[in-house]
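# Observations on the model geometry
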Number of protein chains: 2
Amino acid sequence: MRMAELSAQSGVPVATVKYYLREGLLPPGERTSPNQARYSPAHVQRLRLIKALTDVGGLPLASVGVVLNAIDGDETPHRTMGVVQEELAGPAPKVSAEAAECASGLLEDVVRENGWKWHEPGGAVMDNLVAALATARELGQDKLTERLGEYARLASRVAEVDVGVVAGLTSVDKIIEAGVVATVLGDRIFAGLRHLAQEQVSREVLGGASPKR
Amino acid sequence: MRMAELSAQSGVPVATVKYYLREGLLPPGERTSPNQARYSPAHVQRLRLIKALTDVGGLPLASVGVVLNAIDGDETPHRTMGVVQEELAGPAPKVSAEAAECASGLLEDVVRENGWKWHEPGGAVMDNLVAALATARELGQDKLTERLGEYARLASRVAEVDVGVVAGLTSVDKIIEAGVVATVLGDRIFAGLRHLAQEQVSREVLGGASPKR
DNA sequence: CCAGAATGGATAGTCAAGCTCTCCGTTATG
DNA sequence: CATAACGGAGAGCTTGACTATCCATTCTGG
């Protein structure tokens, strides 16, 4: 297929497809003559993936590029997923050293209790988590950090379900793609479900609570 | 205190504090003379909250403004939390009508099973969830949507813990603030924990899996 | 076969968000 | 009273993600 159809099938405007080509997010089509190219269904799929990562996952295009390179690279699935997690987490906001220290301690306990591997700070996932916990304390919400253990237990359970999503796939490529999608969309889906559930319990617990004034 | 100290205590540059004042995110200080003002610890707290919502929660400043207005407004806590959820979800990406229809059906079952309240599409929370599910199907990842029920059960459990975080607070203001922080930071914290747990199971399940080539 | 539409490629322009910088007249302070 | 800080307002800057315009080539329908 050519540009117009690629655009139509993926729902991405022609000008934007050209932009993605320039940025190296979409591999060039196969040349049919010095200045004409032909695109494959794989290009359509790739565009759909880019849309999912940006629109639903909220990733900046630069991160999408890194993720796509990781997918196309020849690392192990485990390492590839690591890259995806780093990009999804993004750069961590910086917090005061003391608050980070304290949050780090809390986190270490939880990690040990669950038998997870302890990562020295430096990874984006870890740093973001520490920053979020430190921020909660700075705002005086210690209740939130006190429940960390309970959240961690449930996170373990969620991760077990996540494994079920990729388990049973045979090709390494399939596993990686499924893993990426599950990681990126999974966060959004779970957050949405949590919000629906919160709405429910919020109505039960403080549904009729009076306004302030 | 005056500008310089407000800036120092909150960690927000003076120019940025002025900008927030202009944008109405920060209420003006108390006038001491026609063109001098005095700020209170409440201003410091407010700035910290703004930082948390933008840096950790990833909210655009416009949404922060809406959330702050909701906090200051005199609606019930339940309604206020609804506003926060809407802003946190943000505008939903648009997906094809058929995919949305299908995702909506899946979601309806899950909502009924859990005894949640069904919201007609139109709310940002619902629309985002539908869009994420629809996107998963468009990418050919049906496994993810098949597990929706399991995720929903766990989301319920998480929401129950969330209630524990705000339960026991007496003042309505405290409940609202805690609710906002728990909603915004809670998503980030849980996502981080989930990633750590995924890392763990990923290592167990496909830790030694071979690269593609 | 040829007129007109489409293609690929490159460059420049646009738009919003979120600051950041510079002035300026006023006010506090050692 | 000299000088530093303040508040307020406007313009300017940077990044990200497109979008628009050209242009020389290539495809396509009558």
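Here's what I pulled together on the structure shown here. Numbers given for residues are sequential positions, taken from 1 along each chain in its written order. Written order determines the labels here, with chains lettered from A and ligands numbered from 1. In keeping with the model being predicted, local features are shown solely for residues with a pLDDT of at least 70 and side-chain atom pairs are shown and tallied solely at 80 or more, while totals for entire chains, interfaces and linings include all residues.

For the purposes of this entry, the term helix denotes a DSSP run of H or I that reaches at least four residues, the term strand denotes a run of E that reaches at least two, and both are numbered from the N terminus. Helix and strand counts for chain A come out as ten helices and two strands. The helix and strand sequence of chain A, counted from the amino end, reads α-α-β-β-α-α-α-α-α-α-α-α. Our radius of gyration is a C-alpha quantity, and the globule rule it is checked against amounts to 2.2 Å times the number of residues to the power 0.38. Compactness check: chain A gives a C-alpha radius of gyration of 21 Å against a globular reference of 17 Å for 213 residues, more than 25% above the reference. Counting only C-alpha atoms, chain A reaches 65 × 45 × 40 Å along its principal axes. Long-range contacts, defined as pairs at least 24 residues apart, comprise 60% of the intrachain contacts of chain A with a sequence gap of at least 6. Think of it this way: build a C-beta for each residue from its backbone, and any pair within 7 Å is a contact.

Looking now at the nonpolar core. Any nonpolar core is a set of buried residues, restricted to Ala, Val, Leu, Ile, Met, Phe, Trp, Tyr and Cys, that join up through C-beta atoms within 7 Å. Neighbour counting defines burial: a residue surrounded by 20 or more other C-beta atoms within 10 Å of its own C-beta is buried, one with 12 or fewer is exposed, and intermediate counts give partly exposed, using backbone-placed C-beta atoms. Counting 120 residues, the largest nonpolar core has Leu185 of chain A together with Leu185 of chain B as the members making the most contacts within it. If we skip the residues at most four places from it in the chain, Leu185 of chain A touches Ala52 and Val56 of chain A together with Ala132, Thr135, Ala136 and Leu144 of chain B.

Another point: the environment of Arg203 of chain B. Within the secondary structure layout, Arg203 of chain B lies in helix 10 (residues 172-206). Separated by 151 residues in the primary sequence, Arg203 of chain B and Ala52 of chain B have C-alpha atoms spaced 32 Å apart.

In this analysis a residue is considered near a molecule or strand if the C-beta atom, reconstructed from its backbone, is found within 6 Å of that molecule or strand. In the vicinity of DNA strand C, 22 residues are found, and the nearest of them are Met3 and Ala4 of chain A together with Tyr19, Pro60 and Leu61 of chain B. When residues of the surface near DNA strand C are traced back to their parent elements, those giving at least two are helix 1 (3-10) and strand 2 (36-38) of chain A together with helix 2 (14-23), strand 1 (30-33) and helix 4 (61-72) of chain B. It is helix 2 of chain B that provides the largest number of residues to the surface near DNA strand C, a total of three residues. Residues were grouped as follows: Ala, Val, Leu, Ile, Met, Phe, Trp, Tyr, Cys and Pro as nonpolar; Asp, Glu, Lys and Arg as charged; and all remaining residues, including Gly, as polar. Residue classes in the surface near DNA strand C are distributed as eleven nonpolar, nine polar and two charged.

We now examine helix 10 of chain B. Residues and elements named next belong to chain B. The length a helix should cover is 1.5 Å for every residue beyond the first. Relative to the 51 Å expected for 35 residues at 1.5 Å per residue, helix 10 spans 49 Å between its end C-alpha atoms, a close match to the ideal helical length. If you look at helix 10, its biggest bend is around 35 degrees, right at Gly186. In terms of residue burial, helix 10 counts as a mostly covered element, since 27 of its 35 residues are buried. Bend at a given residue is defined as the angle between two axes, one fitted to the seven residues that end at that position and one fitted to the seven that begin there.

Another point: the protein's contact with DNA strand D. Surveying the vicinity of DNA strand D reveals 22 residues, the closest of which are Tyr19, Pro60 and Leu61 of chain A together with Met3 and Ala4 of chain B. For the surface near DNA strand D, the secondary-structure elements that each account for two or more residues are helix 2 (14-23), strand 1 (30-33) and helix 4 (61-72) of chain A together with helix 1 (3-10) and strand 2 (36-38) of chain B. Sorting elements by how many residues they give to the surface near DNA strand D places helix 2 of chain A first, with three residues.

With that settled, consider the interface of chain A and chain B. Each side of the interface is counted separately: chain A has 78 residues, and chain B has 78 residues. Those elements that provide at least two residues to the side of chain A that touches chain B are helix 3 (41-56), helix 5 (77-89), helix 7 (124-138), helix 8 (142-146), helix 9 (148-166) and helix 10 (172-206) of chain A. Ranked by residues supplied to the side of chain A that touches chain B, first place goes to helix 10 of chain A with 27 residues. Taken together, the residues of the side of chain A that touches chain B sort by class into 42 nonpolar, 16 polar and 20 charged.

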